[in-house]
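Residue-level structure breakdown
Here is what each chain is made of, one letter per residue.
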Amino acid sequence: MKTIFLLLVVLFAFFGIGFGQTMTRSSATLDPKSRFEQTVGLIDPTKPRLAKSEVVGPSLGNDKIPAFGPGENPVFLLSSNHEFVQPGETLELSLVPMVTTNRTFFGTIQNLKPGYSGDYDGTERVGYCNADTASGGSINGITAMQSIHILSRKFNPEDSYGRNQYNVVITDDNGTLVQQILLDVYLVNAGQYSRWFYIDTTRQTSNGLVLTGNFPVSSPIFYMVSAGDRTGLITGPYPEYAAYASDNGRRLVLSGTVEYTRDTAVTITAWSPGTRQAFVKRDALVQHREQ
């Protein structure tokens, strides 16, 4: 019996949506740091209190469809092979398209490293780089669910323990902001700072996956359920097919089920446009084959 992948919602048409203001210089002519400094509409993760207060608003509810602004366009999910990483291990980040289009994008990555406090405090130098693609950051056309590798980073014993913040910025070929994705990766489970959003437990039901944790309540949550690099279910790019957290942000239901013919560890990848925060839960649950 072959493995069955249930794909509930994948919308391949790229939607016409405003991408905000255009920079005066082409994105390809800028170094990574300059590209960040000149991109209009970015949330600044170096100022977490201000960033959080600006983007977290009242709950939309399932009957409300938000208007996406610069940085909020649901084009990619961000996949990570680690939520917590140990010294000597390598972090791998990949973009997973939710749409298919021949448009050209450009990916840039900012890394905020933790200081002595376990969180970014300005003592460690901010890192900048282009996405690790064959075209030096350019992504020339995308296909839904086809993973695009953008970063490899090996953690060393001299790296400070705590929260590493990855700020992935997607612009078009004119340098106009399309999407911003923020992801926290922890070098060991250490530090006094709690995560904004995370998955704590996952439970399989007949209607889908029921998650507990801390989730955004101000925007739709686009998600992917997969087994390793094999996609089983992905939603996007329209918010009516996304998931919505409970009013207190502690519960999230992912509709639909994915069935495999073998015992399989399932990974959940998600992103909310309102907060621009991504969260990944590797091996969220082990799905056992029915005998």
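This one's a predicted model, so the numbers in the text were calculated from it and none came from an experiment.

1. Brief notes about the pattern of salt bridges
Opposite charge on two side chains permits them to pair, given that their charged atoms come into close proximity. Going through the model one piece at a time under the given rule, you end up with four salt bridges. Residues participating in the shared-partner salt-bridge network are D119, R163 and D184.

2. Here we look at the pairing of strand β1 (residues 76-80)
Most of β1 sits inside the fold, with five of its five residues counted as buried. Neither face of β1 is exposed, since F76, L78 and S80 on one face and L77 and S79 on the opposite face are all buried. Bridge count for β1 against strand β3 (residues 90-97) is five bridges, and the pairing is antiparallel. The residue bridging S80 from the neighbouring strand is L93, located in β3.

3. Re the pairing of strand β15 (residues 264-271)
Two faces, one strand: in a regular strand the side chains alternate between the faces of the sheet. Burial of β15 is extensive: seven of the eight residues sit out of reach of the surface. For strand β12 (residues 222-227) and β15, the ladder comprises five bridges, and the chain directions are antiparallel. Directly across from V225, in β15, lies its bridge partner I268.

4. Description of the nonpolar core
Core analysis: the biggest nonpolar cluster contains 36 residues, and F76, L78, L95 and I150 have the highest contact counts within it. Looking at this core, the element that brings in the most residues is strand β9 (residues 177-187), giving five residues. The contacts of F76, once residues within four sequence positions are left out, are L95, V96, P97, M98, F105, I139, I142, I148, I170, Q179, I181 and W271. Judged by nonpolar contacts, the second largest core, of 21 residues, contains F197, F215, L233 and L252.

5. What about the side chain of Q110?
As for its placement among the helices and strands, Q110 is situated in strand β4 (residues 101-112). Here Y128 takes part through its side chain, which lies 3.3 Å from a polar atom of the side chain of Q110. Q110 has contacts with F36, P45, V126, G127, Y128, Q165, Y166 and N167, leaving out every residue within four places of it along the chain.

6. A look at the sheet that holds strand β7 (residues 148-154)
Strand order in the open sheet made by the three strands is β1-β3-β7, with antiparallel pairing throughout. The strands lining the two open edges of the sheet, one partner per strand, are β1 and β7. Going from strand to strand, the sheet's axes swing by 20 degrees on average, the running direction of each strand aside. As defined by bridge partners, β3 adjoins β7 across six bridges and the pair is classed as antiparallel. When the bridges of β7 are listed, E92 appears paired with S152.

7. Quick look at the side chain of S80
By secondary structure assignment, the location of S80 is in strand β1. On the accessibility criterion, S80 (1% relative accessible area) is buried. Here the side chain of S80 touches H82 through a polar contact of 2.6 Å, landing on its backbone oxygen. For S80, the contacting residues outside a window of four places in its chain are L91, E92, L93, L183, V185, V280 and R282.

Conventions and cut-offs
- Residues numbered from 1 in each chain as written.
- Predicted model: local features only at pLDDT ≥ 70, side-chain atom pairs only at ≥ 80, totals over all residues.
- Heavy atoms only, no water.
- Salt bridge = Lys/Arg side-chain N within 4 Å of Asp/Glu carboxyl O.
- Buried < 20%, exposed > 50% of the residue type's maximum accessible area, 1.4 Å probe, protein only.
- Helix = DSSP H or I, 4+ residues; strand = E, 2+ residues; numbered from the N terminus.
- Pairing = 2+ DSSP bridges.
- Core = buried A, V, L, I, M, F, W, Y, C linked by side-chain atoms within 4.5 Å.
- Contact = heavy atoms within 4.5 Å.
- Polar contact = N/O pair within 3.5 Å; in protein donor to acceptor, adjacent residues only side chain to side chain.
- Axes fitted to C-alpha atoms, helices over the stretch in contact; angles between N-to-C directions.

The values reported here are purely geometric and, on their own, carry no functional implication.
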